[in-house]
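Report on the structure
The lines below spell out each chain.
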Amino acid sequence: LQWQVSLRRSRLRQKGYFGGGNQADGRIRRSCLYIPLRFHSAENAYVKQVPRRCSGFPPLFFFFLVRSLELYEAVVCATGSEPVIPQVPGIDKTIAIDALTAIDHEEKLGKRIVIIGGGLIGSETALDLAEKGHDVTLVEMLPQIMNGVATTDFLAYSERIEKTNMQIMTNTRLIAVEDHGVTVQGPHDFEKLDADTVVLAIGLRAKQELYHELKERGKEVYLVGDAVKAGKIFDAFHTAYRTALKI
């Protein structure tokens, strides 16, 4: 497990903030203020060398064991979320990557792309890649893509999608990932789709392992942002604000 951490002491009480992004306390902070930590289960510790100097608001950095959090009266976990990976045959093949990796590393994508999942993330990713010249097929289990998306977003994206060559397959689910594509099941039969890359955009799962571990130890601990439920930046700000009021 990997976490990022910024710890600081407040004049009123001691608090710890554990984040998976580059924001805290309503401020945008430089990435150097958040230290990637790797969890070593054998030692029950999070370990990472600390940078000597960072600009901006000075946090408190240190090596720590989980039990070191006893020093803090309250802990806020903003550990984010991670992609949901469907358990189907061939899912571990190199042709398959998650949507977040696809967005960050477009150089890994081939010309022909099948995107599994027609929610907001899958639809946005498919649209972006189609507009960049990729041959994109979007596969969605439900009768319609972008379910639950705001009407304004739905209309705006639909208008742009109509201007691309994107293929959309609804009422269709992933059966297996193959060496050169995928097998899907549609309303009438199974079908093989050729692809150089398969992008998995099934959804995001909140990362709450650290939260539950601290909860079991009796700590006053809170979840904010995507660690509650994957959402938009609006949701992250408001969960953080409400949590700050409680603390």
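Since the model is a prediction, treat every value here as computed from it, not as a measurement. (Residues numbered from 1 in each chain as written. Predicted model: local features only at pLDDT ≥ 70, side-chain atom pairs only at ≥ 80, totals over all residues. Heavy atoms only, no water.)

Some thoughts on the overall build of the chain
For the chain, the helix and strand inventory stands at five helices and 19 strands. Looking at the chain residue by residue over its 247 residues, the buried ones come to 42%. Contacts spanning at least 24 positions in sequence make up 61% of the contacts within the chain whose residues lie at least 6 apart. Accessible surface, the chain: about 14,400 Å² in total, of which carbon and sulfur atoms supply 51%. (Helix = DSSP H or I, 4+ residues; strand = E, 2+ residues; numbered from the N terminus. Buried < 20%, exposed > 50% of the residue type's maximum accessible area, 1.4 Å probe, protein only. Contact = heavy atoms within 4.5 Å. Areas by Shrake-Rupley, 256 points an atom, 1.4 Å probe, with all protein chains shown as cover.)

Quick word on the environment of Lys207
Among the secondary structure elements, Lys207 is positioned in the loop between β18 (204-206) and α4 (209-216). Accessibility expressed as a relative area gives 18% for Lys207, which makes it buried. Along the primary structure Lys207 and Ser81 are separated by 126 residues, whereas in three dimensions their C-alpha atoms are 4.9 Å apart.

So, the packing of helix α2 (residues 120-131) against helix α3 (residues 151-162)
The description of two helices packed together rests on the angle between their axes and the distance between the axes. With their axes 10 Å apart at the nearest point, α2 and α3 run at an angle of 35 degrees to one another. Crossing geometry of α2 relative to α3 is assigned as left-handed. Of the residues in α3, those touching α2 at Leu120, Glu124, Leu127 and Glu131 are Tyr157, Arg160 and Ile161. Of the residues that constitute the contact of α2 with α3, the class distribution is four nonpolar, no polar and three charged. (Axes fitted to C-alpha atoms, helices over the stretch in contact; angles between N-to-C directions. Left-handed = near helix turned anticlockwise from the far one by under 90°. Nonpolar A, V, L, I, M, F, W, Y, C, P; charged D, E, K, R; others polar.)

Description of the sheet that holds strand β10 (residues 96-98)
Sheet architecture is open: five strands sit in the order β10-β17-β11-β12-β13, paired in parallel fashion. This sheet does not close on itself; its edge strands, each paired only once, are β10 and β13 (167-169). Strand-to-strand twist of the sheet, defined as the mean angle between neighbouring strand axes without regard to direction, takes the value 20 degrees. Pairing between strand β11 (residues 112-116) and strand β12 (residues 135-139): five bridges, direction parallel. Bridge pairing in β12 places Ile116 opposite Val139. Set on the sheet, α2 makes contact with β11 and β12; between it and β12 the angle comes to about 165 degrees. (Pairing = 2+ DSSP bridges.)

Digging into the confidence of the model for the chain
Looking at the chain, the pLDDT average stands at 78 and 72% of residues meet or exceed 70. In this model, residues 1-16 is a region of pLDDT below 50 whose contacts with residues beyond four sequence positions or in other chains number 70 contacts. Contacts for the low-pLDDT stretch residues 20-63, under 50 throughout, to residues beyond four places or in other chains number 101 contacts. (pLDDT = per-residue confidence, 0-100.)

Overview of the pattern of salt bridges
With the rule as written, the count across this model stands at eight salt bridges. A salt bridge links Arg205 to Glu82; the shortest N-O distance between them is 1.9 Å. Placement of the pair is Arg205 in strand β18 and Glu82 in strand β9 (residues 81-83), with a sequence separation of 123 residues. Classification of Glu82 as partly exposed rests on a relative accessible area of 28%. (Salt bridge = Lys/Arg side-chain N within 4 Å of Asp/Glu carboxyl O.)

Points about the environment of His180
In this fold, His180 is placed in the loop between β14 (173-178) and β15 (181-185). For His180 and Lys192, which are 12 residues apart along the polypeptide, the C-alpha to C-alpha distance reads 9.6 Å. For His180, the residues in contact, after removing those within four places along its chain, are Ile95, Leu193, Asp194 and Ala195.

Some words on the sheet that holds β14
Taken in spatial order, the three strands make up an open sheet running β14-β15-β16, and their pairing is antiparallel. Only two strands of the sheet have a single partner each, and these edge strands are β14 and β16 (190-194). On average, each strand axis in the sheet is inclined to that of its neighbour by 25 degrees, with strand direction left out of account.

Some thoughts on the nonpolar core
By size, the foremost hydrophobic cluster in this structure holds 20 residues, and its most contacted members are Leu109, Ile115, Val136, Met166 and Val199. Among the elements of the structure, α1 (99-104), β11, α2, β12 and α3 are those that each provide at least two residues to this core. It is α2 that contributes the most residues to this core, four residues altogether. The contacts of Ile115, once residues within four sequence positions are left out, are Gly122, Thr125, Ala126, Leu129, Val136, Thr137, Leu138, Val139, Val199 and Ala201. Of all hydrophobic cores here, the second largest spans 16 residues; its members include Ile91, Ile95, Val139 and Val177. (Core = buried A, V, L, I, M, F, W, Y, C linked by side-chain atoms within 4.5 Å.)

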